[in-house]
Amino acid sequence: MRKTGIFGGSFNPPHLGHKKLAVTAADALGLDRVLVMPAGIPPHKIPAAFAGAKDRAEMCRLTFSGDPRFEISTLEIDKGGKSYTVDTLTELKKLYPGDEFYLITGSDMLETFTQWYRWEDILDLAAVCSAIREKGKKLDYSGFTDEQKKRLIPVEADPVEISSTEIRAMLAKGEDASAFLDSGVVAYIKENGLYADRFPRYRRLVESKLDPERLNHSFGVSRAARSLALRYGANADKAELAGLLHDVMKNAPKEEQKSIIERGGHKMTRVELANTKVWHAMAGEAFLRLEAGVDDEEILSAVKRHTTGAAGMSLLDKIVYIADFISEERCYPDVETVRALASESLERAIIYTASYTIRDLASKGLPIHPDTVDCYNDILTDLTERK
Ligand code: FE
Ligand code: FE
């Protein structure tokens, strides 16, 4: 029977402590292979300093390359969001019915294991291996039946005293963390600008794409989005970044906008083709995704929806949409009204601006994007139902 280890974690980033633990466990248990499984993270839980799923999987690949027993599994990442261990094991059992599973966990796991979701089922599906830091330390097995105890396997491992959180803190300060990371990972982090403050990198990007006036507007929207995020409980770093990036393609030639929208896989409708003003939002999303390495779906969505709005906007979508109307350099007759509304209710501010946009376009004989109408109807209905 094939002995398969499962080694899960956020791996943000994976470090040499992870590797040492997994290799020690694989040796001690005589595992045939180990599935290294980066966890899926719900989009709204991804802090700004978090590497994307693709990056975390790639860094795992680099860390564990060279030992043929290790395979990277994107099972949980592909599912997106949080996965429970018991569900992952159930799925693996279906995929590999002939395998015997060993869950590899860190040293303090046993203390909290009985708080894991359906921990008894986990023990039915896999033996649970827990590293112990001190040689000969007796583990506390009270709370487990004799049958369950047989499924708990201590593995003596000399710990590497480092955590991903500490490594991220070092990298954010520009310190050298190469003693704790695979050299390939060090290079990868550098190349992709991970964990360093993302803001300077994207500031350089918009500076290279926008004229001074548009740049000034983008900084204004960025600040306005940050303050709205703080007011309404969204991730302020993300809002700031989405605001900075929202108009990134605004100054690009129309042909370039159109071609990147198509490359992004979007087939423009007749209304969109006739309405070149909305292109920069779709083009911005496609550009950021395809060419700027942005894989944060929340930021991409906010950029895409900032001009037309849409039905079912997320909090971040709403924040960027409204920040675009109330940033400090904006001056139009109603701006103070919109600012006042935005400090009370994002939804009421959106109704005000969307109905203005609809009236304005109609009065000029211009087409109205259906998303703008959907946005208006959707939020109006929300507000009415809430009354
Ligand atoms: Fe715009
Ligand atoms: Fe704008």
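Note: the structure precedes this text.
Anyway, here's the lowdown on the structure attached to this text.

Thresholds, definitions, all that
Residues numbered from 1 in each chain as written. Chains lettered and ligands numbered in written order. Predicted model: local features only at pLDDT ≥ 70, side-chain atom pairs only at ≥ 80, totals over all residues. Heavy atoms only, no water. Donors = N, O, S within 2.8 Å, 3.2 Å for Na, K, Ca; no water. Helix = DSSP H or I, 4+ residues; strand = E, 2+ residues; numbered from the N terminus. Buried < 20%, exposed > 50% of the residue type's maximum accessible area, 1.4 Å probe, protein only. Expected span 1.5 Å × (residues − 1). Contact = heavy atoms within 4.5 Å. Arc of directions from axis to C-beta. Polar contact = N/O pair within 3.5 Å; in protein donor to acceptor, adjacent residues only side chain to side chain. Pairing = 2+ DSSP bridges.

## Some thoughts on the coordination of the iron ion (ligand 1)
For a metal with four donors in a tetrahedral arrangement, the ideal angle between donors is 109.5 degrees, while six donors in an octahedron ideally sit at 90 or 180 degrees.
Here's step 1: Around the iron ion (ligand 1), the donor atoms from the protein are Asp247 (OD), His280 (NE2) and His306 (NE2), and they sit 2.1 to 2.2 Å away.
Here's step 2: Sequence positions of the residues that donate to the iron ion (ligand 1) give the spacing D-x32-H-x25-H.
Here's step 3: Between the two metal centres, the iron ion (ligand 1) and the iron ion (ligand 2), the spacing is 3.3 Å, with Asp247 acting as a shared donor. One end of the pair, Asp247, is in the loop between helix H12 (236-245) and helix H13 (254-263); the other, His306, is in the loop between helix H16 (297-305) and helix H17 (315-326), with 59 residues separating them in the sequence.
Here's step 4: Classification of Asp247 by relative accessible area gives buried; the value is 2%.

## Notes on H17
Here's step 1: In a regular helix each residue adds 1.5 Å, so 12 residues correspond to 16 Å; H17 covers 16 Å between its end C-alpha atoms and thus fits that length.
Here's step 2: The buried count for H17 comes to 11 of 12 residues, which makes it a mostly enclosed element.
Here's step 3: Among all positions of H17, only Leu316, Asp317, Lys318, Ile319, Val320, Tyr321, Ile322, Ala323, Asp324, Phe325 and Ile326 are buried.
Here's step 4: Contacts from the buried residues of H17 go to helix H11 (212-232), H12, H16, helix H18 (335-344), helix H19 (346-363) and helix H20 (370-386).

## Side note on H16
Here's step 1: Taken residue by residue, H16 has Ile299, Leu300, Ala302 and Val303 as its buried positions. The buried residues of H16 occupy an angular sector of 160° when the element is viewed end-on, so they sit on one face.
Here's step 2: The inward-facing, buried residues of H16 abut helix H10 (198-209), H12, helix H15 (279-291) and H17.
Here's step 3: Sitting at the head of H16, Asp296 places a side-chain oxygen 3.0 Å from the backbone nitrogen of Glu298.

## With respect to the side chain of His217
Here's step 1: Relative to the assigned elements, His217 resides in helix H11.
Here's step 2: Only 3.2 Å separates the side chain of His217 from the side chain of His246, close enough to count as a polar contact.

## Brief notes about the pairing of strand S5 (residues 127-132)
Here's step 1: Along S5, six of the six residues are buried, which leaves the element largely enclosed by surrounding structure.
Here's step 2: Across the two faces of S5 the burial is the same, with Ala127, Cys129 and Ala131 and Val128, Ser130 and Ile132 all buried.
Here's step 3: Summarising the sheet, S5 and strand S6 (residues 152-156) pair through five bridges and their orientation is parallel. Its bridge partner lying in S6, Val128 is registered against Leu152.

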